[in-house]
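Results of the structural survey
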Amino acid sequence: MIPITTASRVDGRLKVTGGARYAAEFAPAQDNVLHAVLVQSTIAAGRVASIDTARAKQVPGVVAIMTHENAPRIDLGKAGDMTPGFPLLQDDRVMFNGQHLAVAIATSFEAAQQAAQLVELHYNRDEATLLMSDNPTGTSVPQRFRNGMRPPASTRGTPQASFDAAAVKIDQIYRTPIEHHNPMEPHATLAEWQGDRLLVHNASQSVFGNRKALAGFFGLPEDNVRIVSPFVGGGFGSKGVSWPHITLAAMAAKLVGQPVKLVLTRRQMFTSNGYRPKTVQHVRLGADRDGRLTAVLHDGISQNSAYGEFSEPVGLASEMLYSCPNVAVTHRLSKVNQGLPTFMRAPGEASGVYALESAMDELAWALGMDPIELRLKNYADRDEHEDKPFSSKTLRACYEQGAAAFDWKRRVAQPRSMRDGRLLIGLGMATATYPVNRSEAAAKVRLQADGTAIVRCGSQDIGTGTYTVMAQLVGEHLGLPLDRVRAELGDTALPQAPVSGGSQSVASISPAIREACLAVRAQTLQLAAGDPASPLHGLDPEELDVADGRILQSAEKSRGETYQALLARQGRAAIEADGSAKPGEEKQKFSMHSFGAQFVEVAVDPDLGEVRVRRHVGAFAAGRIMNAKTGRSQMIGGIVFGMGMALTEATEVDPRSGRVTNATMADYLVPVHLDVPEIEVIMVAEQDDAVNPLGAKGIGELPTVGTAAAIANAVYHATGQRIRDLPIRPDKLIDGLSI
Ligand code: MOS
């Protein structure tokens, strides 16, 4: 078994010294790059009646204004699952406020910006739908769900009748707002045509997804398109889909016959790359007097756009998190004139578990029961929805270890009973869960004559530590220190890997890298054993091992030689092998999820309604943790993400115009250092031999799940007020506090 390491990020030094180059920082070989600036719709629905570009074209340095009238024609039908219907200047339709309607292209960014402001758009307006339905059982059920993978609704047992007959009932509506991802690095694309080949530097969570989309749009073989994305300054889901600006940059480059760079402004990142959709969720829980669940009903509706389809799967966790014979879940969509929503860190679970775990807390109060005891009483030992055993589930230990570290037992059950001076103190908890995902991936490993190794895999490092885990795997399998391993990723010229989304990167690429490593290692040991000049000659390769850059005899470690010595004698420049791995039968046999428990202490100012998180303990069981240091960091980041969801983050849309009104970092409030208290992360030991050969379940999204519910539950404990509408800002609390 590979030991857990605590290696520092191998790309850390590059990042803090500015040596890591991001998409916008690249320049084409010839220094002839043009700059593109988007012109966006100011209405929510209608058609472009006319576009006057005369004044824009007079700006010195302007090369072209691309509109639907002169834009290259592309094939909208062939670009993959998530892009059909994207508005890409192929017609005059306007479907939301902020839609890209023209692109100003100029020799400098400033000229392009000025020209963009001078483009005059005239519209024929249509009636826009700007408010989503507030009724989670009203409009139609979508046909597809989680992108075609699951039916949109499920039922087992007799949920309605059992709920009606339940001794204790919770029946509430919970709301979550639109949220935007706001990674530090804005989206950026540099597109360059070399004949019929297209080279694109792009801030991307999915270089192969981008390649498929662009090849489809332009009718090119995929081999003619290369996407490069060596460093990504955060994505959180926003860089997973091939958003229109990427294609528009390539179209602009084609139109003018020169490389084009397009960088989104922070404001444009509220209109151009998806968002976590607003949801309204109706949760009904029925229980007997002992706290045993007899019915769980979770009906969710989420905002969708006027084009495309994205469904927020809020009810999936409700299907499997607790043991209950009678469960019904539905998902509905409400089309409005806004951009397409998308995946945002823990899509489905982040919003859905907020509702479910708030309702569970309400049930605990109704029963007069401790919230952990209620969850243990309804602990699911198998997945009752899929009717399968869990590959592993160590949630009990998460509750226990989290509660112990948090000192949960000091909680006095009565709301408003704990104080610190004038502040109201509240303690709350919630469960976290996220599915284990995995996709096919390939990798190449090369052990070189100088005793270093290179590992190549077309995955992405979105700040999560992919470079580090890749290097670590090679270091561990080939017995090399990390500074002798170079990892290469973020390039479609490398072996194919999936989107860095769904917490699946490590689970997908590690087995492929491992396979390549084992092949290199086997070849190397074979060579040594077969080489008459090797000190290991004649030994069975089974008796050999690798460590500290050497091949050695396991039983007699001083007997051996360096890789350099062996490769030099053999006249080999390198020993190289490919590896690939894909999911097996495990998904058919097991239900695979990671789990955790979140514990929060809040202090509420009774005069101002201001909520401060004072302490957070998160205990997570996610299989093998590949790197305890980068893993802890990722878990803290996930919890902070949930804190923003709970307390500050919401994208506001003007109901008259459909325009985002707080599209700046000053108005859209993400937590900053002063908002974030001490966070304690507990990695609960868990061995899972089924999920994948490494036993790693993935940790990118799990820690976000449950955080908002734990905070809402703590706020209730502190104040006696149940806020069922995120975020929990002072205005929602203040009236009830002045008692
Ligand atoms: Mo994530 S929302 O799967 O990038």
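Our structure is the block above this text.
The structure presented is a predicted model; accordingly, all values stated were derived computationally and were not measured. (Residues numbered from 1 in each chain as written. Predicted model: local features only at pLDDT ≥ 70, side-chain atom pairs only at ≥ 80, totals over all residues. Heavy atoms only, no water.)

Turning our attention to the pairing of strand S21 (residues 453-456). Sheet topology note: the strand S20 (residues 441-448)/S21 ladder contains 4 bridges and is antiparallel. Within S21, the residue paired with Leu 447 across the bridge is Ala 453. Taking the residues between adjacent antiparallel strands as the criterion, S20 and S21 are bridged by 4 residues, where Gly 451 takes a positive phi near 80 degrees. Bridge count for S21 against strand S22 (residues 485-488) is 4 bridges, and the pairing is parallel. (Pairing = 2+ DSSP bridges. Helix = DSSP H or I, 4+ residues; strand = E, 2+ residues; numbered from the N terminus.)

Before going further, it helps to spend a moment on the sheet that holds strand S26 (residues 574-581). The strand order S22-S21-S20-S26 describes an open sheet built from 4 strands, whose pairing is mixed. At either end of the open sheet lies a strand with only one pairing partner, and these are S22 and S26. Strand-to-strand twist of the sheet, defined as the mean angle between neighbouring strand axes without regard to direction, takes the value 15 degrees. Across the sheet, helix H11 (residues 466-478) lies against S20, S21 and S22, angled at about 140 degrees from S22, the strand it touches most. (Axes fitted to C-alpha atoms, helices over the stretch in contact; angles between N-to-C directions. Contact = heavy atoms within 4.5 Å.)

Moving on: the sheet that holds strand S6 (residues 120-125). Sheets are built from strands paired through backbone hydrogen bonds, the pairs being either parallel or antiparallel. As summarised here, the arrangement of the 3 strands in space is S4-S2-S6, forming an open sheet in which the pairing is antiparallel. Strand pairing shows two members of the sheet lacking a second neighbour, strand S4 (93-94) and S6, which therefore form its edges. Strand direction decides the pairing type here: strand S2 (residues 46-52) and S6, joined by 6 bridges, are antiparallel. Residue Gly 46 lies in a different strand from S6, and its bridge partner there is Arg 125.

Turning to the packing of aromatic side chains, a few remarks are in order. Scanning the entire structure with this criterion turns up 15 aromatic pairs. Ring centres of Phe 236 and Phe 641 lie 4.9 Å apart, and the angle between their planes is 45 degrees; on these two criteria the pair is classed as tilted. You can see Phe 236 sitting in the loop between strand S11 (225-228) and helix H6 (244-256) and its partner Phe 641 sitting in helix H15 (residues 628-647), a full 405 residues away along the chain. Considering the side-chain rings of Phe 390 and Phe 595, the 5.6 Å spacing of their centres and the 90 degrees angle between planes classify their relative orientation as edge-to-face. Of this pair, Phe 390 sits in the loop between strand S17 (388-389) and helix H10 (395-406) while Phe 595 sits in strand S27 (residues 593-604), and the two are 205 residues apart along the sequence. (Phe/Tyr/Trp six-rings, centres within 6.5 Å; stacked < 30°, edge-to-face > 60°.)

As for its placement among the helices and strands, Ser 459 is situated in the loop between S21 and H11. In this structure Ser 459 comes out as buried when scored by relative accessible area, which is 1%. Aside from chain neighbours lying at most four places away, what touches Ser 459 is Thr 466, Leu 489, Gly 490, Ala 497, Ser 500, Ser 505 and Ile 509. (Buried < 20%, exposed > 50% of the residue type's maximum accessible area, 1.4 Å probe, protein only.)

As a further point, take the packing of helix H5 (residues 207-218) against H6. Each packed pair of helices is defined by two parameters, the angle between the axes and the distance between the axes. Where H5 contacts H6, the axes come no closer than 11 Å and their chain directions differ by 45 degrees. Judged by the inter-axis angle, H5 sits oblique to H6. Judged by the twist between their axes, the crossing of H5 over H6 is right-handed. On H6, the residues that touch Asn 210, Leu 214, Phe 217 and Phe 218 of H5 are Ile 246, Thr 247, Ala 250, Met 251 and Lys 254. Along the lines of polarity and charge, the residues of the contact of H5 with H6 split into 6 nonpolar, 2 polar and 1 charged. (Parallel < 35°, antiparallel > 145°, perpendicular 65-115°, else oblique. Left-handed = near helix turned anticlockwise from the far one by under 90°. Nonpolar A, V, L, I, M, F, W, Y, C, P; charged D, E, K, R; others polar.)

In terms of nonpolar packing, the biggest core is built from 88 residues, with Leu 285, Leu 363, Phe 599, Val 602, Ile 711 and Ile 728 touching the most fellow members. Per element, the largest residue contribution to this core is 10 residues, and it comes from helix H8 (residues 349-367). If we skip the residues at most four places from it in the chain, Val 602 touches Leu 424, Ile 425, Gly 426, Val 611, Arg 612, Val 613, Arg 614, Ile 711, Ala 714, Val 715 and Ala 718. (Core = buried A, V, L, I, M, F, W, Y, C linked by side-chain atoms within 4.5 Å.)

Let us look at unusual backbone geometry. Cis geometry is adopted by the peptide bond preceding Pro 727, which originates at Leu 726 and carries an omega value of -5 degrees. On the secondary structure map, Pro 727 appears in the loop between helix H16 (707-719) and helix H17 (730-737). Phi angles above zero are rare outside glycine, and Phe 236 is one such case at about 60 degrees. Positioned with a positive phi, Ser 503 is a non-glycine residue whose angle comes to about 55 degrees. Tracing the backbone shows Ser 503 in the loop between S22 and helix H12 (505-530). Classification of Ser 503 by relative accessible area gives buried; the value is 13%.

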